[in-house]
Amino acid sequence: MEDDILTIEEVAKYLRVSERTVYDWAQKGEIPSGKIGTVWRFKKADIEKWVNDRLSSSSKPVENITVQVKNILSPDRIVFLDHSTKHDAIVQLADNLASAPQIKDAAELKQEILKREELMSTAIGRGIAIPHVRLSSVTDLVMSVGISKKDIIDFGTYDDTPVRILFMIAAAYNQHSYYLQTLSFFSAKLKDPALREALLNATDPVEVYNLLIK
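Residues numbered from 1 in each chain as written. Predicted model: local features only at pLDDT ≥ 70, side-chain atom pairs only at ≥ 80, totals over all residues. Heavy atoms only, no water.

### Description of the overall build of the protein
Point 1. In terms of regular secondary structure, the protein is built from nine helices and nine strands.
Point 2. Taking 2.2 N^0.38 as the reference for a compact globule, 214 residues should give roughly 17 Å; the C-alpha atoms of the protein span a radius of gyration of 17 Å, in line with that estimate.
Point 3. Seen through its principal axes, the protein has C-alpha atoms that stretch 55 × 35 × 35 Å.
Point 4. Here the protein holds 214 residues, and 48% of them are scored as buried.
Point 5. In the protein, once contacts between residues fewer than 6 apart in sequence are set aside, the share between residues at least 24 apart is 71%.
Point 6. Surface summary for the protein: the accessible area is close to 10,300 Å², and the carbon and sulfur share equals 48%.
Point 7. Separation between the mean location of the 27 positive side-chain charges and that of the 30 negative ones in the protein comes to 5 Å. (Helix = DSSP H or I, 4+ residues; strand = E, 2+ residues; numbered from the N terminus. Rg over C-alpha atoms; globule rule 2.2 N^0.38 Å. Buried < 20%, exposed > 50% of the residue type's maximum accessible area, 1.4 Å probe, protein only. Contact = heavy atoms within 4.5 Å. Areas by Shrake-Rupley, 256 points an atom, 1.4 Å probe, with all protein chains shown as cover. Lys, Arg positive; Asp, Glu negative; His and termini not counted. Charge placed at Lys NZ, Arg CZ, Asp CG, Glu CD.)

See below:
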């Protein structure tokens, strides 16, 4: 688990809300936080868990949107990774995702995905990470999936389980609701241990694709 300390500005940037909103949440005790002197500070791991809990267990869906996996994923965007560091795994998956026609700026995608990961880990526990980003250069929500042959040990997971399954999602900047709903959909779907085991044991992209569209 990483114990990096974040400022209000850094948390606001990650959550894409105003600094005033983060301040109000902290004052009301709605977000994990603490004061050092008179300044609010936030533990990176606590914010990560808070975000993931809200995405996966909220009883109020953002919108009544049905996530159709076959509309955002294809077998050619499923890759088997052989890296033990998150940087190398993310770079390979970003290169794969950049092949999708919805991605108009491959360099920006890679840069922003890595920047977001540096600010806060996208690992959600159970050996899963969901790197994600919204960009104006993306025309529609799209994703790639990576299944790692090796444990990726530096994701800073809150449950100390090495990451082996990665879902990378890129969306247009104006797709906020669909973006959040997609993150929530996969966070919930991947709670199934039988599905996770089947994904890890899969031997070709079509097999992974068929498991995910069920």
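### Let's talk about the nonpolar core
Point 1. Ranked by size, the top nonpolar core spans 45 residues in total, and within it Ile31, Phe42, Val145, Phe167 and Leu199 carry the most contacts.
Point 2. Excluding its chain neighbours within four sequence positions, the residues that come into contact with leucine 199 are Ile147, Ile165, Leu190, Val208, Leu211 and Leu212.
Point 3. If you look at the next biggest cluster of nonpolar residues, it comprises 24 residues, including Ala98, Ile113, Ala129 and Val142. (Core = buried A, V, L, I, M, F, W, Y, C linked by side-chain atoms within 4.5 Å.)

### Side note on the pattern of salt bridges
Point 1. In total, this model carries six salt bridges according to the counting rule given.
Point 2. A salt bridge links aspartate 24 to arginine 20; the shortest N-O distance between them is 3.2 Å. Here the residue aspartate 24 and the residue arginine 20 both occupy positions in helix H2 (residues 19-28), the gap between them amounting to four residues, near one helical turn.
Point 3. Under the relative-accessibility criterion, aspartate 24 is labelled partly exposed at 25%.
Point 4. Between aspartate 82 and lysine 150 there is a salt bridge, with its nearest N and O atoms 3.9 Å apart. Of this pair, aspartate 82 sits in the loop between strand S4 (78-81) and helix H5 (86-97) while lysine 150 sits in strand S8 (residues 142-152); the two residues are 68 residues apart in sequence, bridging distant segments of the chain. (Salt bridge = Lys/Arg side-chain N within 4 Å of Asp/Glu carboxyl O.)

### Thoughts on the environment of serine 18
Point 1. Structurally, the position occupied by serine 18 is in the loop between helix H1 (8-15) and H2.
Point 2. It is 45 Å that separates the C-alpha atoms of serine 18 and threonine 203, two residues lying 185 residues apart in sequence.

### What to know about H2
Quick reminder: α-helices carry 3.6 residues per turn. Residues three or four places apart thus point the same way.
Point 1. Turning to H2, its buried residues number three or more, namely Val22, Trp25 and Ala26. Along the long axis of H2, the arc covered by the buried residues comes to 100°, so they all point the same way. The exposed residues of H2 that point more than 90 degrees off its buried face are Arg20 and Lys28.
Point 2. Of the residues flanking the end of H2, it is glycine 29, one or two places downstream, whose phi is positive at about 75°. (Arc of directions from axis to C-beta.)

### Overview of the sheet that holds strand S1 (residues 5-6)
Backbone hydrogen bonds are what pair the strands of a sheet, in a parallel or an antiparallel way.
Point 1. Ordered in space as S1-S3-S2, the three strands form an open sheet in which the pairing is antiparallel. If you trace the sheet from one side to the other, it starts and ends with S1 and strand S2 (34-36), each paired once.
Point 2. The pairing of S1 with strand S3 (residues 39-43) spans two bridges and is antiparallel. Each residue of the ladder has a partner; that of leucine 6, found in S3, is phenylalanine 42. (Pairing = 2+ DSSP bridges.)

### A few points about the packing of helix H8 (residues 193-201) against helix H9 (residues 205-212)
Point 1. Orientation of H8 relative to H9, taken along the N-to-C sense of each, is 165°, at an axis distance of 9 Å. With respect to their mutual orientation, H8 and H9 come out roughly antiparallel. In the crossing of H8 with H9, the sense of the turn from one axis to the other is left-handed. Residues Leu195, Ala198 and Leu199 of H8 pack against Val208, Leu211 and Leu212 of H9.
Point 2. Looking at the contact of H8 with H9 residue by residue, the classes come out as six nonpolar, no polar and no charged. (Axes fitted to C-alpha atoms, helices over the stretch in contact; angles between N-to-C directions. Parallel < 35°, antiparallel > 145°, perpendicular 65-115°, else oblique. Left-handed = near helix turned anticlockwise from the far one by under 90°. Nonpolar A, V, L, I, M, F, W, Y, C, P; charged D, E, K, R; others polar.)

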